[in-house]
Amino acid sequence: MVEDTRLTDAELEQLDQTVWESAPVESASFEEAVAFHENLPEHKRFADVLESADRVLTQPRAGVPRLDDQINLLQTLTGEGDADLLPTTIDSYTRDNAYEKAQAGLGQSRETGENELNGFPAVNHGVDGCRRLIEAVDAPVQVRHGTPDARLLAAVTLAGGFQSFEGGPITYNLPYTSKYELVETIEYWQYVDRLSGAYTERGVPINREPFGPLTGTLVPPSVAIAICIIEGLLAATQGVRSVTLGYGQVGNLVQDVAAIRAMEQLGTEYLPEEVTVTTVFHQWMGGFPRDEARASGVIALGAATAAVVEPDKIITKSPQEARGVPTAAANAAGLRTTSQVLQMLSEQSVELEGVDREQELIERSVRSLLDAVFDAGDGDIARGTVEAFEQGLLDVPFPPSEAADGDVLPARDDDGRVRLLKFGNLAVDSEVKQIHDARLETRAATENRRPSFRMVADDVSAISDGRLVGRPGDD
Amino acid sequence: MSEPSVVVGTIGSDAHVVGITLLEHALKEAGFDVRNLGAQTPKEAFVEAAAETDASAVLVSSLYGHAEQDCDGLHEGLAETDVDPMTYIGGNLAVGQSEFETVRRQFREMGFDGVFDADVEFEEVVATLRAELGMDERSTRLTRARS
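Read on for a plain summary of the structure.

**Here's the deal with the overall build of chain A**
Point 1. The number of helices and strands found in chain A is 17 helices and ten strands.
Point 2. Here the C-alpha atoms of chain A give a radius of gyration of 21 Å, agreeing with the 23 Å that 2.2 N^0.38 yields for 475 residues.
Point 3. Taking the principal axes of the C-alpha coordinates as reference, chain A spans close to 65 × 50 × 40 Å.
Point 4. Looking at chain A as a whole, 61% of its 475 residues are labelled buried.
Point 5. A separation of at least 24 residues holds for 73% of the contacts in chain A among residues at least 6 apart in sequence.

**Points about unusual backbone geometry**
All names here are of chain A.
Point 1. Despite not being glycine, F398 shows a phi value in the positive range, around 55 degrees.
Point 2. Relative to the elements of secondary structure, F398 occurs in the loop between α15 (381-391) and β9 (409-412).
Point 3. In the Ramachandran plot, N448 falls in the positive-phi region, its phi being about 55 degrees despite a non-glycine side chain.
Point 4. Looking at the secondary structure, you find N448 in the loop between α16 (430-447) and α17 (453-462).
Point 5. When the 7 C-beta atoms within 10 Å are taken as the criterion, N448 is described as exposed.

**Describing the interface of chain A and chain B**
Point 1. Contacts between the two partners involve twelve residues from chain A and, on the opposite side, eleven residues from chain B.
Point 2. Of the residues assigned to the side of chain A that touches chain B, the class counts are seven nonpolar, four polar and one charged.

**Some points on the pairing of strand β3 (residues 141-144) of chain A**
All names here are of chain A.
Point 1. Where burial is concerned, the two faces of β3 agree: the one with V141 and V143 and the one with Q142 and R144 are both buried.
Point 2. In terms of strand pairing, strand β2 (residues 86-89) meets β3 through four bridges, oriented parallel. When the bridges of β3 are listed, L86 appears paired with V141.
Point 3. Inspection of the sheet shows β3 paired to strand β4 (residues 164-166) by two bridges, in the parallel sense. Pairing of V143 across the sheet is with F165, part of β4.
Point 4. Tracing the backbone out of β3, into helix α8 (residues 151-159) and back to the parallel element β4 gives a crossover that is right-handed.

**What about the pairing of strand β10 (residues 418-422) of chain A?**
Residues and elements named next belong to chain A.
Point 1. Summarising the sheet, β9 and β10 pair through four bridges and their orientation is antiparallel. Counterpart to A411 in the pairing with β10 is R419.
Point 2. Connecting β9 to the next strand, β10, in antiparallel fashion are five residues, including G416 with a positive phi near 90 degrees.

**Comments concerning the packing of helix α11 (residues 253-270) of chain A against helix α12 (residues 292-309) of chain A**
All names here are of chain A.
Point 1. Between α11 and α12, the shortest axis-to-axis distance is 10 Å and the interhelical angle comes to 45 degrees. Considering their axes alone, α11 and α12 lie oblique with respect to each other. As α11 runs across α12, the sense of the crossing is right-handed. Residue-level inspection shows L253, D256, V257, I260 and R261 of α11 in contact with α12, the latter providing T305, V308 and V309.
Point 2. Each residue belonging to the contact of α11 with α12 can be placed in one class, and the counts come to five nonpolar, one polar and two charged.

So, how was this worked out
Residues numbered from 1 in each chain as written. Chains lettered and ligands numbered in written order. Predicted model: local features only at pLDDT ≥ 70, side-chain atom pairs only at ≥ 80, totals over all residues. Helix = DSSP H or I, 4+ residues; strand = E, 2+ residues; numbered from the N terminus. Rg over C-alpha atoms; globule rule 2.2 N^0.38 Å. Buried ≥ 20, exposed ≤ 12 C-beta atoms within 10 Å, placed from the backbone. Contact = placed C-beta atoms within 7 Å. Nonpolar A, V, L, I, M, F, W, Y, C, P; charged D, E, K, R; others polar. Pairing = 2+ DSSP bridges. Right-handed = clockwise from strand over helix to strand, strands pointing away. Axes fitted to C-alpha atoms, helices over the stretch in contact; angles between N-to-C directions. Parallel < 35°, antiparallel > 145°, perpendicular 65-115°, else oblique. Left-handed = near helix turned anticlockwise from the far one by under 90°.

Okay, structure coming up:
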């Protein structure tokens with residue numbers, strides 16, 4: 001059974017060997033990798049830049065198959081979008097550990113000049129390819145992906161000079177796949193975190209970032225925050241000292257502000273003192289309007305929310321979100337829309353009514369979820385996570401994975417905050433449930449219908465249809 | 001008489017489940033007995049579940065553009081069982097911007113009884129199934145008897 005204990009040096013060494021054995025590219029020595037990191041200038045050190053910033057930093061998502069194109073793309077995003085932090089988004093084959101397919105797609109892309117993969121196949125580019133990328137661009141770069149078994153990807157990219165690595169055993173399992181048990185992904189990510197810890201101990205802090213938006217569809221803030229804190233704790237055990245907790249915009253200003261505040265508060269409280277906790281706010285991760293002007297409106301609301309609550313960074317969307325992978329120009333446009341709003345609001349102090357109450361409700365729910373996890377594991381957070389998901393005490397809406405029950409069903413209340421219509425076996429107390437019920441009854445009365453999955457169906461497409469709450473008769 | 005049994009799921013390597021989850025609720029509410037196979041379901045699992053539940057209908061969801069490859073052999077598999085369910089498919093069925101009518105024809109030729117696009121309303125799917133399975137006559141009588 002999996003346990004939340006630090007891998008020993010011997011275990012790390014052995015895992016390292018196993019991981020590199022499966023690699024389609026040459027391994028790199030750890031010493032040499034540390035030396036490469038040490039030679040990077042200050043402005044490319046991810047954790048330092050993020051943790052010392054005195055304003056909200058912007059970061060897009062971006063990944064194309066060929067190295068030169070990826071360099072150009074990232075240069076466009078800093079040049080035309082003023083991105084503070086850079087991403088490298090990994091392709092789907094690599095996320096699936098299908099390196100041969102990724103290699104074929106990369107080969108095809110080189111032949112045709114078209115992008116035959118939906119991201120950057122970092123493993124196939126190898127340590128040298130990654131280093132060329134890091135050297136060529138002018139900001140810190142993070143690996144962003146969705147890989148349940150990211151051991152080799154982490155080994156290659158961290159040796160290749162990346163200093164931040166997104167994901168975790170829950171947040172990169174439940175939303176992405178039905179193939180893995182949590183016990184498996186927790187073990188995989190213990191290696192990723194231990195490797196990050198090993199770099200950290202050599203003076204190269206690797207920033208780790210749980211993927212807060214999860215399934216991207218009406219995820220209740222308390223669930224997202226509890227899961228990110230669990231992943232932060234697991235990472236801390238392995239020696240990670242820079243953790244960025246993530247949260248995806250739901251679109252209700254008060255709830256979003258309350259959620260970020262709750263995440264900051266609880267993150268600092270739950271994670272060990274030696275860990276520096278930062279936060280990331282993701283602009284809306286659900287369906288976007290196809291109309292680019294409307295999409296920019298969604299982006300601007302996310303930026304305004306971030307300007308009010310000031311997370312450490314914001315992940316931006318592009319006005320072409322509804323159409324798939326955006327052009328570099330559209331991606332830069334999303335960054336500019338965001339930074340315009342951030343700057344116009346930066347000197348203003350905005351007080352929103354109701355934030356405290358909402359924050360209290362979120363914190364209370366997070367605490368009760370985390371209590372349940374600790375209890376289920378007799379104090380061990382790794383075991384507790386497995387047990388809690390098995391019993392449905394912890395759950396997420398719309399999981400493709402059987403590792404979560406998926407018995408919770410979310411819906412927006414009358415002013416668009418995400419509540420739960422069905423709780424399944426989720427470990428929140430009856431008073432919290434009553435509050436959710438009451439809020440959904442209010443909406444039901446406004447709409448003259450019973451609270452049901454129909455509200456959820458209407459909510460899922462509401463933002464792409466031009467509003468926040470899916471009201472009946474909207475189409 | 002027991003409720004008609006239907007099998008739903010997302011086929012292939014596709015991990016999109018929001019639609020299929022909500023469809024499960026819609027069908028249950030409309031009086032169907034639903035087996036939801038969830039995400040990334042191989043075609044063999046649809047066949048197996050259809051046989052196991054004596055399904056009246058199989059509803060396949062696909063949103064990532066590879067439905068044609070993923071469904072290849074599904075109907076042949078069903079033909080080898082003792083059940084003969086109606087088959088439906090819905091979602092984004094082709095990569096790129098093909099005309100929906102072309103897509104519909106193509107999937108009808110593969111053996112599907114009905115083809116829905118990604119914007120279809122749950123009500124329409126439910127109504128289609130109820131009509132095809134002759135549930136409306138029964139339920140009209142029931143509603144009258146209750147009221």
